[in-house]
Structures are given as C-alpha cells and as structure tokens.
Amino acid sequence: DGGITQSPKYLFRKEGQNVTLSCEQNLNHDAMYWYRQDPGQGLRLIYYSQIVNDFQKGDIAEGYSVSREKKESFPLTVTSAQKNPTAFYLCASIPVRGTEAFFGQGTRLTVV
Amino acid sequence: RKEVEQDPGPFNVPEGATVAFNCTYSNSASQSFFWYRQDCRKEPKLLMSVYSSGNEDGRFTAQLNRASQYISLLIRDSKLSDSATYLCVVNQGGKLIFGQGTELSVKP
C-alpha cells in the first residue's frame, strides 16, 4: 500500500539529547513537509523540501534540522537547541504544487 | 498579521444546524486552497479542495473569494460525527500554510 510512514509513533527522550524522527513515503511525491502541533493549536511549518537535496525553512525552524538525500525520505532532527521540543510532529507530502497533501500518522515526542 | 487566519472557536451547535467557517489569507499570490478535518490526536485528512467557482460535496460547500482573499466552508444539517477541528490550508508556491483551526462540537 502506498502512503507515508512516520516512526516511531511515541518517542521519549531526555532533555539535551538530539532525536531524529523518521518520515518515509512511497507515493513518488516531490514535496515533503514537517509540521509541529501543540495542544489546542494549528500546524506550524518547520521545514519543507520540494526537490531532493534542497529544503527551505518554515516559520519555526530554529532548533531543528532536516535532510533530503532521497526522494522517499525526509528525516527531522530535533536538536538540544530546541527549547520546548515536546509536541506532536506531522510529516506530509504532495505530488505536485497545488494538490492535496497526504499525512503520516504523526510522532508524539516527549522530552523529560 | 498571520498568513492564514481562521475564526476563533469553539463552535457549539445542535444537530441539524448550519455552521459556517471563515478563513482569510494574506498573500495574494496564493495558488490553491483546501479545508482539512482533524480529529483529536489524529493526522489531518482532506475534506475539500476550494475552487474559485465554489464547490459542493453533499452537506459541505466551499467558496473562494480571491479579491477579498477569503475562503469559507459551510456545513448543513450538522451531524454528531462532524465534531472535529477544521483547518484552512493555503498553498503559496509550494509552501503549505495552515490556519490555527476552528473546533466544532455538534451536540444532540
């Protein structure tokens, strides 16, 4: 089945540790996105990539890093510089500009 | 000013009511527009794309006004199962921007 897979679904980390969230898609989509959602709030864009080996900062990129070495994969690293990393992280992809975004099921990151 | 702004919620309505959600966007170069639905602790799911001519899908009607930079979603004959958060989404040259969402609660 085609789709977007985020892993893990739940992640716990100690404060000060870097952590990498996985996002893989087999839909052959060009563009991929990372969002953060805090309780009761909308989705805020962290980073996005429209083509392999290229990505752009979103509205809240500080404390995060990404790579896009393969079309299918867009991992997000939450670094120790991110002040409040506990949140729900969502990955999305779209095939061409202007069409529907498909989402993974999300990763809930808790930093203790 | 936020790039995409929605009506603040929550909206609490009885079953059978008609409810309208509004959304404004700041960048006139925005290319495409969508309404998504998000259930609690789940990923968003596409509800409707929004076209300049307006479009309807059963009880749901979406409208776009490019001149006013405004989109809307109308839900007629609300069902209990319509209870969710509704997100307005704008595509600006490949950058997908979400509104903060409007929560709808439909009561018996």
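These notes cover the structure that comes with them.

## Notes on the overall build of chain A
Then comes step 1: When helices and strands are counted, chain A shows zero helices and 11 strands.
Then comes step 2: Traced from its N-terminal end to its C-terminal end, chain A shows the element sequence β-β-β-β-β-β-β-β-β-β-β.
Then comes step 3: Taken over C-alpha atoms, the radius of gyration comes to 13 Å for chain A, in line with the 13 Å a tight globule of 112 residues would show.
Then comes step 4: Projected onto its principal axes, the C-alpha positions of chain A cover 40 × 25 × 25 Å.
Then comes step 5: Relative to its 112 residues, chain A shows a buried fraction of 47%.
Then comes step 6: Partitioning the intrachain contacts of chain A with sequence separation of at least 6 by distance along the chain shows that 50% fall at a separation of at least 24.

## A few points about the state of the cysteines
Residue and element names in this part refer to chain B.
Then comes step 1: As enumerated under the stated definition, the model contains two disulfides over all chains in all.
Then comes step 2: Between the sulfur atoms of C23 and its disulfide mate C88 the distance is 1.9 Å. Here the disulfide of C23 and C88 is left-handed, its torsion about the S-S bond being about -70°. In this pair, C23 sits in strand β3 (residues 19–25) while C88 sits in strand β9 (residues 84–92), placing the two residues 65 residues apart along the sequence. No difference in accessibility class separates C23 from C88, as the two residues are buried.

## Notes on the side chain of T79 of chain A
Residue and element names in this part refer to chain A.
Then comes step 1: Among the structural elements, T79 can be located in the loop between β8 (76–78) and β9 (87–94).
Then comes step 2: Polar side-chain contacts of T79 include one of 3.0 Å to the backbone oxygen of G63.
Then comes step 3: Those residues in contact with T79, other than ones at most four positions away along the chain, are N18, G63, Y64 and S65.

## A look at the interface of chain B and chain A
Then comes step 1: Taken together, the contact pairs 19 residues of chain B with 22 residues of chain A.
Then comes step 2: At the boundary of chain B and chain A, one finds one salt bridge.
Then comes step 3: As a salt-bridge pair, D59 of chain A and K95 of chain B come within 3.4 Å of each other at their nearest N and O atoms.
Then comes step 4: Put simply, chain B and chain A have seven residue pairs in polar contact (both at pLDDT 80 or more) between them.

## Description of the sheet that holds β3 of chain B
Residues and elements named next belong to chain B.
Then comes step 1: An order of β1-β3-β8-β7-β6 is seen for the five strands of this open sheet, with the pairing classed as antiparallel. On the outer flanks of this sheet lie β1 (4–6) and β6 (55–57), each paired with one strand and no other. Neighbour-to-neighbour, the strand axes of the sheet open up by a mean angle of 15°, direction not taken into account.

## Points about unusual backbone geometry
Then comes step 1: Put simply, S7 of chain A and P8 of chain A share a cis peptide bond, and its omega is -10°.
Then comes step 2: Here P8 of chain A lies in the loop between β1 (4–7) and β2 (10–13).
Then comes step 3: Backbone torsion omega between G9 of chain B and P10 of chain B reads -5°, so that peptide bond is classified as cis.
Then comes step 4: For N28 of chain A, which is not a glycine, the phi torsion comes out positive at approximately 60°.
Then comes step 5: By secondary structure assignment, the location of N28 of chain A is in the loop between β3 (19–25) and β4 (31–37).
Then comes step 6: Since its relative accessible area comes to 56%, N28 of chain A is described here as exposed.
Then comes step 7: In this structure, R41 of chain B takes a positive phi of about 65° despite not being glycine.
Then comes step 8: Structurally, R41 of chain B is set in the loop between β4 (32–38) and β5 (45–50).

Calculation notes
- Residues numbered from 1 in each chain as written.
- Chains lettered and ligands numbered in written order.
- Predicted model: local features only at pLDDT ≥ 70, side-chain atom pairs only at ≥ 80, totals over all residues.
- Heavy atoms only, no water.
- Helix = DSSP H or I, 4+ residues; strand = E, 2+ residues; numbered from the N terminus.
- Rg over C-alpha atoms; globule rule 2.2 N^0.38 Å.
- Buried < 20%, exposed > 50% of the residue type's maximum accessible area, 1.4 Å probe, protein only.
- Contact = heavy atoms within 4.5 Å.
- Disulfide = S-S within 2.5 Å.
- Polar contact = N/O pair within 3.5 Å; in protein donor to acceptor, adjacent residues only side chain to side chain.
- Salt bridge = Lys/Arg side-chain N within 4 Å of Asp/Glu carboxyl O.
- Pairing = 2+ DSSP bridges.
- Axes fitted to C-alpha atoms, helices over the stretch in contact; angles between N-to-C directions.

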